[in-house]
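Fold and geometry: a report
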Amino acid sequence: MQDKLNLMIPGPTPVPENVLSSMSKHPIGHRSSDFQEIVQKTTEQLKWLHQTTADVLTITGSGTAAMEAGIINTLSKGDRVICGNNGKFGERWVKVAKAYGLDVKTVEADWGQPLDPNQFKRILEEDTSETIKAVILTHSETSTGVINDLKTINNEVKSNSKAITIADCVTSLGASNIPMDEWGIDVIASGSQKGYMIPPGLSFVAMSKRAWEFNNQSNLPKFYLDLKQYLKTVNKNSNPFTPAINLYFALEASLKMMQKEGLSNIFTRHSRHQKAIQEGVKAMGLNLFTKEGFGSPAITAVQPKNIDAENIRKAIKNDFDILLAGGQDHLKGKIFRIGHLGFVNDRDIVSVISALESTLDKMGKLEVPIGEGIAKTISVLNNE
Ligand SMILES: *Cc1c(COP(=O)(O)O)cnc(C)c1O
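Residues numbered from 1 in each chain as written. Predicted model: local features only at pLDDT ≥ 70, side-chain atom pairs only at ≥ 80, totals over all residues. Heavy atoms only, no water.

What to know about the site of the ligand
Heads up, the condition is: In these notes, residues near a molecule or strand are those with any non-hydrogen atom within 4 Å of it. Pairing of N or O atoms within 3.5 Å defines a polar contact, subject to two protein rules: one partner must be a possible hydrogen donor and the other a possible acceptor, and residues neighboring in sequence count only if both atoms are side-chain atoms. Method for areas: the Shrake-Rupley scheme with a 1.4 Å probe, in which residue coverage is limited to the protein chains shown.
For the ligand, the set of nearby residues contains 14 residues, the closest of which are Ser62, Thr64, Thr142, Asp168 and Lys194. Between the ligand and Gly63, the relevant distance is 2.9 Å, taken from an oxygen atom to a main-chain nitrogen or oxygen of the residue. Between an oxygen atom of the ligand and a side-chain N or O atom of Lys194, the distance comes to 2.8 Å. Considering the ligand on its own, with 380 Å² of exposed area, one finds that the protein chains cover 87% of that surface.

Considerations on the nonpolar core
Defined as follows: Buried Ala, Val, Leu, Ile, Met, Phe, Trp, Tyr and Cys residues form a nonpolar core when they are joined through side-chain atoms within 4.5 Å. Only protein chains enter the accessibility calculation, which uses a 1.4 Å probe. A residue is then buried if its area is under 20% of the maximum for its type, exposed if over 50%, and partly exposed in between. Runs of E in the DSSP output that reach at least two residues are strands. Runs of H or I that reach at least four are helices, and both are numbered from the N terminus. Domain ranges listed in this record stem from an automatic or a database domain assignment. We call two residues in contact when some of their heavy atoms are within 4.5 Å.
In this structure, Ile71, Leu75, Ile136, Tyr196 and Leu227 are the most contacted members of the largest nonpolar core, which totals 84 residues. It is helix H10 (residues 245-261) that contributes the most residues to this core, nine residues altogether. Inspection of this core shows a minimum of three residues originating in each of domain 1 (17-260) and domain 2 (263-383). Each residue touching Leu75, except ones within four places of it in the same chain, is listed here: Val81, Leu102, Lys133, Ala134, Ile136, Ile166, Phe214, Ser218, Asn219 and Leu220.

Concerning the sheet that holds strand E2 (residues 56-60)
Spelled out, the test is: The criterion for strand pairing is that DSSP finds at least two bridges linking the strands in question. Fitted lines through C-alpha atoms serve as axes, helices being fitted only where they are in contact, and the angles separating the N-to-C directions of these axes extend from 0 to 180 degrees.
Judged by pairing direction, the sheet is mixed, and its seven strands sit side by side in the order E2-E10-E9-E8-E5-E3-E4 without closing on themselves. Of all the strands in the sheet, the pair left with one neighbour each is E2 and strand E4 (103-108). Sheet twist, expressed as the mean angle between neighbouring strand axes with direction ignored, is 20 degrees. Relative to strand E8 (residues 164-168), strand E5 (residues 132-138) is paired through five bridges, and the arrangement is parallel. Opposite Leu137, over in E8, you have Ala167 as the bridge partner. Along the sheet, helix H6 (residues 150-160) contacts E5 and E8; its crossing angle with E8, the most-contacted strand, is approximately 160 degrees. Against the sheet, helix H8 (residues 209-217) makes contact with E2, E5, E8, strand E9 (187-191) and strand E10 (202-207), and its axis sits at roughly 95 degrees relative to E10, the strand it touches most.

Focus: the environment of His50
Relative to the assigned elements, His50 resides in helix H2 (residues 33-50). Classification of His50 as buried rests on a relative accessible area of 0%. As a C-alpha pair, His50 and Asp226 span 176 residues in sequence and 21 Å in three-dimensional space. Dropping the residues within four chain positions of it, His50 is found in contact with Val56, Leu173, Ile178, Pro179, Met180, Ile188, Ser190, Tyr196 and Ala206. From its side chain, His50 meets the backbone oxygen of Leu46 in a polar contact 2.8 Å long.

With respect to the sheet that holds strand E15 (residues 336-339)
Taken in spatial order, the four strands of this open sheet run E11-E12-E15-E14, and their pairing is antiparallel. Only two strands of the sheet have a single partner each, and these edge strands are strand E11 (287-288) and strand E14 (325-326).

A few points about the layout of surface pockets
Convention followed: For each structure, a 1 Å grid was placed over the protein atoms alone; sets of points admitting a 1.4 Å probe that cannot get out are labelled cavities, open sets with protein on both sides within 12 Å along at least five of seven lines are labelled pockets, and lining residues have an atom within 4 Å of a point. Grid points are joined across faces, edges and corners, and a volume is the space filled by probe spheres set on the points. Note on residue classes: Ala, Val, Leu, Ile, Met, Phe, Trp, Tyr, Cys and Pro are nonpolar, Asp, Glu, Lys and Arg are charged, and everything else, Gly too, is polar.
Here the largest pocket is characterised by a volume of approximately 740 Å³. Surrounding the largest pocket, 24 residues form its lining, Asn6, Pro14, Phe343, Arg347 and Asp348 being those nearest its centre. Looking at the lining of the largest pocket, the elements with two or more residues in it are strand E1 (6-7), helix H1 (17-23), H10 and helix H13 (346-362). The residue makeup of the lining of the largest pocket, split by class, is twelve nonpolar, four polar and eight charged. When residues of the lining of the largest pocket are assigned to domains, at least three fall in each of domain 1 (17-260) and domain 2 (263-383). Considering only enclosed or pocket space, the second largest pocket measures out at about 220 Å³ in volume. As for the second largest pocket, its lining consists of 18 residues, of which Pro10, Gly11, Phe89, Gln193 and Lys194 are closest to the centre.

Description of H10
Here is the rule we go by: A helix is expected to reach a length of 1.5 Å times the quantity of its residues less one.
The end-to-end C-alpha separation of H10 is 25 Å, in line with the 24 Å expected for 17 residues at 1.5 Å each. Listed as buried for H10 are Ile245, Asn246, Leu247, Tyr248, Phe249, Ala250, Leu251, Ala253, Ser254, Leu255 and Met258. Looking one or two residues past H10, Gly262 carries a phi angle of roughly 90 degrees, positive in sign.

Let's talk about unusual backbone geometry
Here Gly11 and Pro12 are connected by a cis peptide whose omega angle stands at -5 degrees. Looking at the secondary structure, you find Pro12 in the loop between E1 and H1. Of note in this structure, Asp3 is not a glycine but carries a positive phi near 65 degrees. If you trace the backbone, Asp3 turns up in the segment before E1. The exposed category is assigned to Asp3, whose relative accessible area is 75%.

Quick word on the side chain of Asn6
By the element assignment, Asn6 lies in strand E1. Once you skip the residues sitting within four places of it in the chain, Asn6 turns out to touch Pro14, Asp321, Ile322, Leu323 and Asp348.

Structural measurements only, silent on function.
Structure (structure tokens):
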């Protein structure tokens, strides 16, 4: 049905009505005092979201721009780095690092498995002359639904080296607790179309004091993504270039909504929904793809037995107007992924699990009496 599609993919995520309407007006001048007020306000809101006193810089560009900015503003040609790689976005880190001539060592895990903090520890301990400059990883690995243990890995980095930690928190920020200052994360990259509940087009980089010290030595080429320019201008409540002004309207509106809900309520909502989906899926006789205990609060990957996952996904889109994500690369047809990030409520969870159960039944592939999956989901929602 027209205009009825519910996005349950891990980005872009649904946008609240008041955020949408905040954008539907003429842009204002980006050097005007009205716009400066918005920059000032959103910068404060972003610090709140990142739980940091560091400046959070806003770039007009997708999440990958923030990832790239994190690397080129802290590191230098030939620097040795460790990249965590257990999925599509871990691979992206490796590609960005190599594109800039960094000397990359990877810590890998099979897709669906989390990165092992001990492997980072071992490599850092062996590096007695402390030549490794950065540990770079994805917090919530969207391609597999795995959440990596960023806190523990960063603790290993801090206790065994002088390296900085650069984290892709694109699908974890605004879904799970990431106290940047308390944990001591040096660079956090994120993007607007995920937990922020606004359309794609803005990305964000937060840099610790130590990351700014690295910036003084960094010799990688940069111009549009030169964060020194962003820092200089953000202090004057401005931007080095013409930003996506209407997306700033949206950002202000969405962060206001998030502040009203409160960080701990946001995190509880996401973990409650995650559990309701996981339990419903298991009760239907389907497997979770991700290792138990390492599921992302933003996305759940499901591995059906003996059914092409793409057929389930297509049927749910056709019959229920719910868009799920498929598997990437070798996981195409093997898994589908349910996004539950951002502007998501209990209704979305109940409808996606019911739609899945109904679809399996229609396909003749439901291995349990109809209703067991949704019953479990409802029981989690009513009791958590
Ligand atoms: C969406 C996403 C990104 C950013 O991708 P863009 O398409 O550049 O916005 C980066 N990392 C993860 C884990 C993501 O889910």
